[in-house]
Amino acid sequence: MRYAETGFNLEIDLSRGNIERVETDPQETELYLGGLGTNAKIIWDRVPPEVDPFSPENLLIFSAGLLCGTPAIGCNRTIVSTISPQTRLMAFSMMGGFWAPELKYAGYDKVILRGKSPSLVYIWINNDKVEIRDASHLQGKGAVETADLIQKELKEPKAQVASIGLAGENRVYFASIEQGRSSASRLGIGAVMGDKNVKAIAVRGTKDINVARPVEYFELCNEVLQYIQFRNENPIPGVMTILQGLGSPQEMATHDEKWHTENFMWGNSRLRRKEFWNEDIEKAWTQTMENMRTRLISCYNCPMKCGATISPPGLPTYMMKCFSKLTYTMAAMADLDFGLRIAQQATEYGVDGFSTPQVMAFALELHENGILTDDDFPGMPEDNEGKFYWLLDRIVRREGIGDVLANGTYWAAKEIGKGAEEYAHNTIKKHEQLPLKLSMLNPIYFLMYATGEKINITQIEGQFPQAPWPTREEREEFVKDWIQVPDEKFKQYLLDWELRGEKSIPYYPTVDMCCDIVDWQERMHYIDDALGMCAGLSSFPLKPPYHIHNYPKFISAGAGIDMDEEKLTQAVKRYRTLVRANNIRRGMRRKDEAPPKDHWKKRFPELEKELLDTYYKFKGWNNDGIPTKESLHELGLDYVAEDFESRGIYAENGDTPSPETSAEKGKEV
Ligand code: SF4
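None of these values were measured; they are calculated from a predicted model.

**As for helix 7 (residues 214-233)**
Argument step 1. Under the 1.5 Å per step criterion, the end-to-end length of helix 7 is 29 Å for 20 residues, consistent within 8% with the ideal 28 Å.
Argument step 2. Those residues of helix 7 that fall on the buried side of the exposure criterion are Tyr217, Leu220, Cys221, Val224, Tyr227, Ile228 and Arg231. Buried residues of helix 7, seen end-on, are gathered within an arc of 120° and therefore sit on one face of the element. Those residues of helix 7 that are exposed and aimed more than 90 degrees away from the buried face are Val215, Gln226 and Glu233.
Argument step 3. The secondary structure elements touched by the buried residues of helix 7 are helix 20 (551-559).

Here it is in structure tokens:
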């Protein structure tokens, strides 16, 4: 019997209209867990680097995490993987909500789409009955509207629908997939869905999921629930509001936006407004939020209520998530009312709330600087907010300049030329990043930015505090009940970390400590993404209920896989390396592993080199970021080494590990 997982994938060949229920190999679950882990293996096996993002051979995989559908609190993530049209690398984007548990209850762990449908369709998964249905009547409809129409058409209000809007249909490189109370937004996976001519996937399931040792499992779940209650009642002192508790990250409940509005950049990630937040703005924004926010809502089986339904006067209600509350407002230098209104339109169109505002502000910056002219913006309104609505519309329709902008700032700048590339300043691996520009290099964030392959900084950080508390007493207080650390040494790292002086950034934490910290943070995110756990209860906040010590118990009691911390760490290392292997095979190298040039004002090239050299070695990668034959062998990934050899990847720069470097050396810079 299979536990936690169903043991079946749904394979749909859209070109042929063929649907198959395929039994999976339980050994693959032991090696790669599920969700992102097994997705990475499938992409490795079936999507070689010759396959372009918009090729019929590209796969689009919707995977429920390994523990989704079990009673584990907050375990509801769908991990969507494909090859990104924007980065041309493996993309994996998460959506919360209700879709993944519903898929499990219908009897499947993954839906794997291949080929291309000759016309627009949607897929209806109703337990064992799976149909490809005509969606011509849904062409051009909004993502939320589509979900409503499909539920009505199927007479199934409980069907969970993942859908794309016009942006996905038109293959906008930053198109999202929207699902009820969440979305998978990053890296243009909605464009791949549109390219496959799939408007939506609706799913309804009424079966059970087996848990290996139910009594033990329920006890673990109860402990998590009790911890959530404890943390809610005992917020962490001395950190910004959104880091005090749990969730992802409670943006809808809080009205204190001082930190975001004064530290994140406005416009095209250019302008910091240090004195922005004042009493009048707080009053006005609180009123706007309270007038439009109709209720706080949670994802499946979670008490946290991170999302909210927003009902702007005269517009349909939509679901607002996370930081998209501010991205449009800040890009347009407008107020919250504008941001909440345009986000309704953007959600219907199905676009990423981080990339889209930046792309629009980038276009206006090019216009202001004469690189684009009035001829590129025929009919654009004069007023600032009107310009943003106009641009959004052109982009999702790929009309005129919108067709160029729809490829994101990196590709648009290349196409526009005339110096436009200088203005596309906020990308990593060709993808728009958080609009943050800071002063002093932070070595931990440098490594996360440079080497992260999720290519989304908000989902790499967590666990280790972003900055030290000013006094040792405060730090001592914090480490007292810091049970989440995988090793006691992390407590000492924090205790000795100071805001200023010898033990402060950029030389403290030391290079070796930074490697440990980044590796721990990344490990937690990758575990979440295989199990289907929300980062808001695990890898993102400080002191979360899920951590490296109780996760093996969840996997053992839930999935019946004999698991301990060491085995779990090894499994994560295996599929994390496989994600990298997919990208190395697609040409990603050290040259691509760089934060935006202007992310920090004060840079330290020698230290940055040492950080990367040391981290590569720590991870078992050679000097160019390629996993070595030896490290692949240790992980049971000899097949990757053989593929690299046959493609001549090692011949480029040998299979030598990154040379040992000392943390002390950086101090001489
Ligand atoms: S913590 Fe928030 S985002 Fe995460 S599952 Fe719960 S409600 Fe959803």
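**As for the sheet that holds strand 14 (residues 307-310)**
Argument step 1. Read from one edge to the other, the open sheet built from three strands follows the order 13-14-15, with strand pairing classed as antiparallel. At either end of the open sheet lies a strand with only one pairing partner, and these are strand 13 (293-297) and strand 15 (318-320). Going from strand to strand, the sheet's axes swing by 30° on average, the running direction of each strand aside.
Argument step 2. Relative to strand 14, strand 13 runs antiparallel, the two being bridged by four bridges. Its bridge partner lying in strand 14, isoleucine 297 is registered against glycine 307.
Argument step 3. Of the strands in this sheet, strand 14 and strand 15 touch helix 11 (residues 336-349), which is tilted by about 110° from strand 15.

**Section: the site of the ligand**
Argument step 1. Residues in contact with the ligand amount to 12 residues; listed here are only the nearest, Asn76, Cys299, Cys302, Cys306 and Cys534.
Argument step 2. Grouping the constituent residues of the shell around the ligand by class yields six nonpolar, four polar and two charged.

**Section: the nonpolar core**
Argument step 1. Phe62, Val111, Leu113, Ile125, Ile201, Phe464 and Phe644 are the most contacted members of the largest nonpolar core, which has 205 residues in total.
Argument step 2. No other element matches helix 19 (residues 511-531), which puts 12 residues into this core.
Argument step 3. Excluding its chain neighbours within four sequence positions, the residues that come into contact with isoleucine 125 are Leu10, Leu103, Ala106, Tyr108, Val111, Val130, Ile201, Ala202, Val203 and Arg204.
Argument step 4. If you look at the next biggest cluster of nonpolar residues, it comprises 12 residues, including Tyr122, Ile150, Ala159 and Ala200.

**Points about the pattern of salt bridges**
Argument step 1. Per the counting criterion, the structure on display carries 50 salt bridges.
Argument step 2. In this structure, the salt-bridge partner of arginine 114 is aspartate 13, at a minimum N-O distance of 3.6 Å. One end of the pair, arginine 114, is in strand 6 (residues 110-114); the other, aspartate 13, is in strand 1 (residues 8-13), with 101 residues separating them in the sequence.
Argument step 3. Under the relative-accessibility criterion, arginine 114 is labelled partly exposed at 23%.
Argument step 4. For the salt bridge of aspartate 393 with arginine 394, the shortest nitrogen-to-oxygen distance reads 3.8 Å. This pair shows no difference in class: aspartate 393 is buried, exactly as arginine 394 is.
Argument step 5. Each of Lys429, Glu453, Asp519, Glu522, Arg523, Arg576, Arg580, Glu593 and Lys619 takes part in salt bridges that share partners, so that together they form one network.

**With respect to the confidence of the model for the protein**
In low-pLDDT regions, the fine details of the predicted coordinates are not to be read closely.
Argument step 1. The predicted model of the protein averages 94 in pLDDT, with 97% of residues at 70 or higher.
Argument step 2. Note on residues 657-669: pLDDT under 50 across the span, and 30 contacts to partners over four residues away in sequence or across chains.

**Structural notes on a positive patch on the surface**
Argument step 1. Together, Arg272, Lys274, Lys601 and Lys602 make up a positively charged patch on the protein surface.
Argument step 2. Turning to its location among the elements, lysine 274 is positioned in the loop between helix 8 (258-263) and helix 9 (279-292).

**Description of the sheet that holds strand 6**
Each strand in a sheet pairs with its neighbour through backbone hydrogen bonds, running either in the same direction (parallel) or in the opposite one (antiparallel).
Argument step 1. Read across the open sheet, the six strands follow the order 2-1-6-3-4-5; overall the sheet is mixed. Here the strands that pair on one side only, and so sit at the sheet edges, are strand 2 (18-23) and strand 5 (90-95). The mean angle between the axes of side-by-side strands here comes to 15°, regardless of whether they run parallel or antiparallel.
Argument step 2. Two elements, strand 3 (residues 60-64) and strand 6, share four bridges in a ladder whose sense is antiparallel. Within strand 6, the residue paired with isoleucine 61 across the bridge is isoleucine 112.
Argument step 3. Sheet strands touched by helix 3 (residues 99-106): strand 3, strand 4 (78-83), strand 5 and strand 6. Its angle to strand 3, the strand with the most contacts, is close to 85°.

Thresholds, definitions, all that
Residues numbered from 1 in each chain as written. Predicted model: local features only at pLDDT ≥ 70, side-chain atom pairs only at ≥ 80, totals over all residues. Heavy atoms only, no water. Helix = DSSP H or I, 4+ residues; strand = E, 2+ residues; numbered from the N terminus. Expected span 1.5 Å × (residues − 1). Buried < 20%, exposed > 50% of the residue type's maximum accessible area, 1.4 Å probe, protein only. Arc of directions from axis to C-beta. Contact = heavy atoms within 4.5 Å. Pairing = 2+ DSSP bridges. Axes fitted to C-alpha atoms, helices over the stretch in contact; angles between N-to-C directions. Near = heavy atom within 4 Å. Nonpolar A, V, L, I, M, F, W, Y, C, P; charged D, E, K, R; others polar. Core = buried A, V, L, I, M, F, W, Y, C linked by side-chain atoms within 4.5 Å. Salt bridge = Lys/Arg side-chain N within 4 Å of Asp/Glu carboxyl O. pLDDT = per-residue confidence, 0-100. Patch = residues over 30% accessible without salt bridge, like charges linked within 9 Å, V, L, I, M, F, W, Y side chains within 5 Å. Areas by Shrake-Rupley, 256 points an atom, 1.4 Å probe, with all protein chains shown as cover. Lys, Arg positive; Asp, Glu negative; His and termini not counted. Charge placed at Lys NZ, Arg CZ, Asp CG, Glu CD.

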